[in-house]
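Remarks on the overall topology
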Amino acid sequence: CILSSIFCDSSTIAEDALRSACNDFIEHTSTTVAGSVFEFVEHCKQGSSAVGGGSLKDKPCMEGEYVKAVFTYTLDQLPEKLSEVTQQMSLYLENPATQSILLKPVIRKISRAMEDARRFIGESVDGEHSWNTELRAEVLKTMHDIESSVKNAALKLSSR
């Protein structure tokens, strides 16, 4: 009975350590790949929840050209960042299927951040902070391209 208790305790400790390592990996990898997107979303969340802070559309983080620059930068850096991540993963994990499985929560986290960003961008008003239909369409297309690139990177891993 004591041995099974020790075994259960060590098993729980190992599970907790693995969970923590996986969560750290997800956080680190998400930030490496799309850190500027997470920063944008965080600024918007802070701006929209500021006490007496008024509307989000009045916040500097919603300046149209700034928003475009955030997503364009992320898309431009993506091939290098994804290559860096997959190269680092291959040092520790030989199996591409395992690498792909580990990237799935990263992809979900990035997708959730993109959904949040779309919601904030949807609050922008044409004619304010340089927003117009054209700029909004450019930003949304860039966001779509980011998501597609991240998802395709995982698909390439799983098809090796």
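Described below are features of the structure shown in this document.

This part is about the overall build of the protein. What the protein contains, in helices and strands, is four helices and zero strands. Helices and strands appear in the protein in the N-to-C order α-α-α-α. Scored against the burial criterion, the 160 residues of the protein give a buried share of 33%. In the protein, the share of contacts with a sequence separation of at least 24, taken over all contacts with a separation of at least 6, comes to 77%. Approximately 9,600 Å² of the protein is accessible, and the part contributed by carbon and sulfur atoms is 57%.

This part is about the packing of aromatic side chains. In total, this model carries one aromatic pair according to the counting rule given. Between phenylalanine 40 and phenylalanine 71, the aromatic rings sit 5.5 Å apart at their centres with planes inclined by 80°, giving edge-to-face as the arrangement. Of this pair, phenylalanine 40 sits in helix H1 (residues 2–49) while phenylalanine 71 sits in helix H2 (residues 64–92), and the two are 31 residues apart along the sequence. Taking the relative accessible area as the measure of exposure, phenylalanine 71 reaches 0% and is therefore buried. Between the NZ or CZ atom of lysine 109 and the centre of the ring of phenylalanine 38, over which it lies, the distance is 5.7 Å. The lysine or arginine in question, arginine 119, covers the ring of phenylalanine 120, its NZ or CZ lying 4.6 Å from the ring centre.

At a minimum axis distance of 13 Å, the contact between H2 and helix H3 (residues 96–122) shows a crossing angle of 175°. When the axis of H2 is compared with that of H3, the two are roughly antiparallel. Where H2 abuts H3, its residues Val67, Phe71, Val85, Thr86, Met89 and Ser90 lie against Gln99, Leu102, Leu103, Met114, Ala117 and Ile121. Residues that form the contact of H2 with H3 fall into these classes: nine nonpolar, three polar and no charged.

A few words now on the pattern of salt bridges. In this structure the tally under the stated criterion is eight salt bridges. With its nearest N and O atoms 2.9 Å apart, the salt bridge here joins lysine 68 to glutamate 138. Remark: glutamate 138 occurs in helix H4 (residues 133–158) and lysine 68 occurs in helix H2; sequence separation between them is 70 residues. The exposure class of lysine 68 is partly exposed, given its relative accessible area of 26%.

Along the chain, glutamate 65 turns up in helix H2. Overall, glutamate 65 belongs to the partly exposed group, its relative accessible area being 43%. The sequence separation of glutamate 65 and serine 130 amounts to 65 residues, and the corresponding C-alpha distance is 6.8 Å. Ignoring any residue separated from it by four or fewer positions in sequence, one finds glutamate 65 in contact with Ser130 and Leu135.

The rules we used
- Residues numbered from 1 in each chain as written.
- Predicted model: local features only at pLDDT ≥ 70, side-chain atom pairs only at ≥ 80, totals over all residues.
- Heavy atoms only, no water.
- Helix = DSSP H or I, 4+ residues; strand = E, 2+ residues; numbered from the N terminus.
- Buried < 20%, exposed > 50% of the residue type's maximum accessible area, 1.4 Å probe, protein only.
- Contact = heavy atoms within 4.5 Å.
- Areas by Shrake-Rupley, 256 points an atom, 1.4 Å probe, with all protein chains shown as cover.
- Phe/Tyr/Trp six-rings, centres within 6.5 Å; stacked < 30°, edge-to-face > 60°.
- Lys NZ or Arg CZ within 6 Å of the ring centre and 35° of its normal.
- Axes fitted to C-alpha atoms, helices over the stretch in contact; angles between N-to-C directions.
- Parallel < 35°, antiparallel > 145°, perpendicular 65-115°, else oblique.
- Nonpolar A, V, L, I, M, F, W, Y, C, P; charged D, E, K, R; others polar.
- Salt bridge = Lys/Arg side-chain N within 4 Å of Asp/Glu carboxyl O.

Shape descriptors only; they carry no functional weight alone.
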